[in-house]
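Chains, contacts and geometry: an overview
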Amino acid sequence: MRRRGLLHGTAAAGALLTGGVLPYALTAILAPGEARPRRNHLRPPGAPRDDEAFVAACIGCGLCGEVCPPRCIQFHRRDGGARVNTPYIDPGQRACTLCGKCMETCPTDALIRVPPADAAMGLARIDRTACYPWVDRGICGACVTVCPLGGRAIGFDFANIYRPVIRKGCVGCGLCVEVCPHPSKPIWINPPKQSTNSVGEV
Amino acid sequence: MTAAKRKPFFLWRHLNKLRWLSLSLVFAMLVALPCLHVYQTYRAAHAYDLLAPSEQRFYDIMETLTSPLTDDPAEDLDVVKGSTWSGNFWGLKLSDPLAALGHISAGLTLYWPFLLTALIPLVITAIFGRIFCGWLCPANFLYELNTNLTAWLQWAGLKVGHRRFDRRIKYLVLAVGLLLSVFSGSIMVAAVYPPAIVGRELYYGIAQGGFGVGMVFFAGTLLFDLLVARRGFCRYLCPGGALYSLLGRYRLVRLRRLVEACNDCRKCNAVCEFELDPWRDGFGQECTNCAACIAICPTNAMTFDIRPFDHPEQGPGHLGQRYRRGREEQMDEAV
């Protein structure tokens, strides 16, 4: 009789535990994890450099996206595993204008209010084997013209005044990527971690 | 015999209508805000001439709706943003206490500017109990409509679910969610919490070009309610409901049966979405103060009371047969 009670108890506890874990298992199946973040996926400005800290602080409320005037902030809606519902910016589609509304509205410490020059979303890189002025296919300068930080982040090369070079002040907003007329986008944004060394050189 | 003359305040019978109004308004807000955001982005970009005809129609509608309110929609409409999970209302930031708890457990930090946004909901819950579930939750709005659908299906002769489980499972869901948040370093409860899902998915669907996975999960919970247990997710699985139940355990404002006006018809038990036992004074911590039992009571025997505990069971209603029979027996014994 006691063994039976024990058996029933174990079964009940098992059923309870299954019930408790079931919703989370379902979400894990529904949003499969991404092995690697894709190139050009940036966090919004004001996010900590450490992506783990960002994911731990983001509650997935979507407020940053809801105030973004260019609607550049997108969300991991169907992927990302534990990162599901966190925001990202794909500057190839639409880039951040550093207006700062997302930092102001974020209720948590996922996005901290910083001046645009300290946003640290990443660092732009230029492929000098494809960029039109760098391969002498014409003069362009779209990236330099559009940069919201002016001469601090991107400027023209000293030797050839049509060739763009990245400077130390770049925060990686990605507007240069958005406007780049080259079909293969020879300018892109590296995440902030890898970009701490060899500024502006490829 | 002064007690027999106690009558509930007459407006409380109509609170349930007010509750439906509140639920509809919250849901309408969650639909309207993403639309307003899309309109704002069009305005900010001065993009009218670049839009497709359907988008221009949308722009015109939104312009007609908002022009009496503001001249500068791109800036002025930012005053209300967000959802019930976390929102910004005229400068007042409010968040779900579950979001605060999830934030603490995922980062193992206390970030006060965020935790303070959950303070007002916390105090309201301590006074009114699970009022968020009954009065504001956008998922509850859909779940209650789903209950009506269940009733129609049943009327049409289809089989619907009426299984019962242990109500304590949801506390386990909450505990497991917080533990998973600690170990995974991301706020796991947000992914299984229907009000957060509904707010988010409406935004994704309208402004981001498509629903996310949360919609699949939410559809699953609707089916669960339909086929397995009536209002099953709220009652057995919702981690937020569990948190609000715990916070509202000693709530001050609670429902109470006036035993001298009760006729034991048990309509309150039938109408209770959470299958509580108002007829036997069994409200407990799970009651959402939704006031459906007040609205349906034919003898005005349900009212609000201010006390931190439920009344102990008061026995059969004085207008009911059982009470009268008992009285007659007592009279016989006395004679």
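Above: the structure in question.
Quick caveat: nothing in here was measured; it's all calculated off a predicted structure.

1. Things to note about the interface of chain A and chain B
Listed by partner, the interface residues are 42 residues for chain A and 52 residues for chain B. Of the roughly 3900 Å² buried where chain A meets chain B, counting both sides, 62% is carbon and sulfur surface. Scanning the region where chain A abuts chain B turns up 2 salt bridges. The partner of Lys101(A) in a salt bridge is Asp78(B), with the nearest N and O atoms 2.8 Å apart. Elements represented by at least two residues in the side of chain A that touches chain B include exactly α1 (2-30), α2 (51-57), α3 (63-67), β1 (73-75) and α4 (101-105) of chain A. Here the side of chain A that touches chain B gets 10 residues from one element, more than from any other, and that element is α1(A). Here the side of chain A that touches chain B is composed, by residue class, of 24 nonpolar, 10 polar and 8 charged.

2. As for the packing of aromatic side chains
All names here are of chain B. Counted under the stated rule, the structure contains 18 aromatic pairs over all chains. Each ring, one from tyrosine 39 and one from tyrosine 59, has its centre 5.2 Å from the other, and the planes form 70 degrees; the classification is edge-to-face. Within this pair, whereas tyrosine 39 is found in helix α1 (residues 15-44), its partner tyrosine 59 is found in helix α2 (residues 53-66), the two being separated by 20 residues in sequence. Exposure class is identical for tyrosine 39 and tyrosine 59. Each is buried. Summarising the aromatic geometry, the rings of phenylalanine 165 and tyrosine 236 are spaced 5.3 Å apart at their centres and angled 80 degrees between planes, so their arrangement reads as edge-to-face. Placement of the pair is phenylalanine 165 in the loop between α8 (138-155) and α9 (169-184) and tyrosine 236 in helix α12 (residues 232-237), with a sequence separation of 71 residues. Judged by its relative accessible area of 34%, phenylalanine 165 is partly exposed. On the basis of relative accessibility, which here comes to 3%, the residue tyrosine 236 falls in the buried class.

3. A word on the pattern of salt bridges
Side-chain pairing between opposite charges can occur once the charged atoms of the two side chains come close. Applying the stated criterion to the full structure yields 20 salt bridges over all chains. Linking Glu75(B) and Lys101(A) is a salt bridge whose minimum nitrogen-to-oxygen distance equals 3.3 Å. Note that Glu75(B) is positioned in helix α3 (residues 73-76) and Lys101(A) in helix α4, a pairing that runs across two chains. Of the residues examined, Glu75(B) reaches a relative accessible area of 45% and is grouped as partly exposed. The salt bridge involving Arg163(A) is made with Asp136(A); its shortest N-O contact spans 3.1 Å. One end of the pair, Arg163(A), is in the loop between β4 (154-156) and β5 (164-166); the other, Asp136(A), is in the loop between β3 (123-126) and α5 (142-146), with 27 residues separating them in the sequence. Judged by relative accessible area, which is 57%, Asp136(A) ranks as exposed.

About the criteria used
- Residues numbered from 1 in each chain as written.
- Chains lettered and ligands numbered in written order.
- Predicted model: local features only at pLDDT ≥ 70, side-chain atom pairs only at ≥ 80, totals over all residues.
- Heavy atoms only, no water.
- Contact = heavy atoms within 4.5 Å.
- Buried area = accessible area lost by both parts, 1.4 Å probe.
- Salt bridge = Lys/Arg side-chain N within 4 Å of Asp/Glu carboxyl O.
- Helix = DSSP H or I, 4+ residues; strand = E, 2+ residues; numbered from the N terminus.
- Nonpolar A, V, L, I, M, F, W, Y, C, P; charged D, E, K, R; others polar.
- Phe/Tyr/Trp six-rings, centres within 6.5 Å; stacked < 30°, edge-to-face > 60°.
- Buried < 20%, exposed > 50% of the residue type's maximum accessible area, 1.4 Å probe, protein only.

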